[in-house]
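# Per-entry structural report
One letter stands for each residue in the lines below.
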Amino acid sequence: MIDFAFDDIKEGYTQVKHKVKVMIAGLCVGAFLIMPNLPLPKEYKFQEYSDSRIEQLERQNPVELNVSVLTLDAEPNKWYDMIDEIADLPENWDEDGAKAVDATTIDDCRQIIRAADGLLDNLCDISPTELGSVCMQWYNKDNNNLLNVEVACHTMAYYLDRPAQEFISVKSQHISSDSIDTLIHSIKLV
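Residues numbered from 1 in each chain as written. Predicted model: local features only at pLDDT ≥ 70, side-chain atom pairs only at ≥ 80, totals over all residues. Heavy atoms only, no water.

## Thoughts on the packing of aromatic side chains
Per the counting criterion, the structure on display carries one aromatic pair. Between Tyr159 and Phe167, the aromatic rings sit 5.5 Å apart at their centres with planes inclined by 20 degrees, giving stacked as the arrangement. Residue classification places Tyr159 among the partly exposed positions, given a relative accessible area of 27%. (Phe/Tyr/Trp six-rings, centres within 6.5 Å; stacked < 30°, edge-to-face > 60°. Buried < 20%, exposed > 50% of the residue type's maximum accessible area, 1.4 Å probe, protein only.)

## Focus: the nonpolar core
Among the nonpolar cores identified, the biggest contains 29 residues, and Ile113, Ile126, Met136, Trp138, Leu147, Val149 and Met156 are the most heavily contacted of them. Contributions of two or more residues to this core are made by helix H4 (74–87), helix H5 (103–115), strand S1 (123–128), strand S2 (134–140), strand S3 (145–152), strand S4 (155–161) and helix H6 (177–189). (Core = buried A, V, L, I, M, F, W, Y, C linked by side-chain atoms within 4.5 Å. Helix = DSSP H or I, 4+ residues; strand = E, 2+ residues; numbered from the N terminus.)

## Digging into the side chain of Ser133
Mapped onto the elements of the fold, Ser133 is located in the loop between S1 and S2. Within polar-contact distance, the side chain of Ser133 engages the side chain of Thr129 at 2.5 Å. Residue contacts for Ser133: discarding those within four places in its chain leaves Val101, Ser127, Pro128, Glu150, Val151 and Ala152. (Polar contact = N/O pair within 3.5 Å; in protein donor to acceptor, adjacent residues only side chain to side chain. Contact = heavy atoms within 4.5 Å.)

## Some remarks on the confidence of the model for the chain
Chain-level pLDDT for the chain is 75 on average; 60% of the residues reach the 70-or-more range. Throughout residues 42–49 the model reports pLDDT below 50, and contacts reaching past four residues in sequence, or to other chains, amount to 17 contacts. Across residues 61–75, confidence stays below pLDDT 50; counting only partners more than four residues off in sequence or on other chains, it has 18 contacts. (pLDDT = per-residue confidence, 0-100.)

## Things to note about H6
In this model, H6 (13 residues) spans 19 Å end to end at C-alpha, consistent with the 18 Å of a helix rising 1.5 Å per residue. In this fold, the buried residues of H6 make contact with H5, S2, S3, S4 and strand S5 (168–174). (Expected span 1.5 Å × (residues − 1).)

## Notes on the pattern of salt bridges
In the structure shown here, the tally under the stated rule is two salt bridges. Residue Asp84 is joined to Arg110 by a salt bridge in which the shortest nitrogen-to-oxygen separation is 2.4 Å. Of this pair, Asp84 sits in helix H4 while Arg110 sits in helix H5, placing them 26 residues apart in sequence. A relative accessible area of 31% places Asp84 in the partly exposed class. A relative accessible area of 24% means that Arg110 is categorised as partly exposed. Close ionic contact of Arg110 with Asp107 constitutes a salt bridge, the shortest N to O distance being 3.4 Å. Linking Arg110 with Asp107, this pair stays in helix H5, spanning three residues, or about one helical turn. (Salt bridge = Lys/Arg side-chain N within 4 Å of Asp/Glu carboxyl O.)

## A short note on a negative patch on the surface
A cluster of acidic side chains, namely Asp94, Glu95, Asp96, Glu130 and Glu150, defines a negative patch on the protein surface. Position of Glu95 among the secondary structure elements: in the loop between H4 and H5. (Patch = residues over 30% accessible without salt bridge, like charges linked within 9 Å, V, L, I, M, F, W, Y side chains within 5 Å. Areas by Shrake-Rupley, 256 points an atom, 1.4 Å probe, with all protein chains shown as cover. Lys, Arg positive; Asp, Glu negative; His and termini not counted. Charge placed at Lys NZ, Arg CZ, Asp CG, Glu CD.)

## Here we look at the pairing of S2
For S2, the tally of buried residues reaches five of seven residues, placing the bulk of the element in the interior. Note that S1 and S2 share five bridges and pair antiparallel. Pairing of Asp125 across the sheet is with Gln137, part of S2. Where S1 hands over to S2, the hairpin turn is made up of five residues, of which Gly132 adopts a positive phi near 90 degrees. With seven bridges joining them, S2 and S3 adopt antiparallel strand pairing. Residue pairing for S3: Met136 is matched across the bridge by Val149. (Pairing = 2+ DSSP bridges.)

And the structure:
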């Protein structure tokens, strides 16, 4: 016969509840560390409270999780992960003489992703080219607008193809805050 008391179950539940709250607070803080431009609400700052203090705080000011805080971080990481995979490609990665992508190009791609934060919904692909550059594509399936950006060694060139509208093409230019601002404007047109 199994002998247990209700107090044992309640204590186990309280411990699990506390651990989950600590994990959620840690995830929220982690999301804000990765995305430093977002202000961190004071209710998500991690503090080690006793179980009774947590219950007291819940009664005073219940914490409602904003799920978007947890998911905002997922999309940029996907693109950073793709850039990291491209950075790891060796010479001749396609077994047909393709060049490895150098570190400056990888840094430039990360800079563009950071600058385009909030405009990544239409980013559909990041891929290496056989010439050692990286191609980034934004595509809007609703209007068939396509922005193709090629990045290599502190330079970028791109074109914006919008059906029934003027074709925009920007020749190779040095990557600077001004050129990234112009690119961001083009991303918004997608």
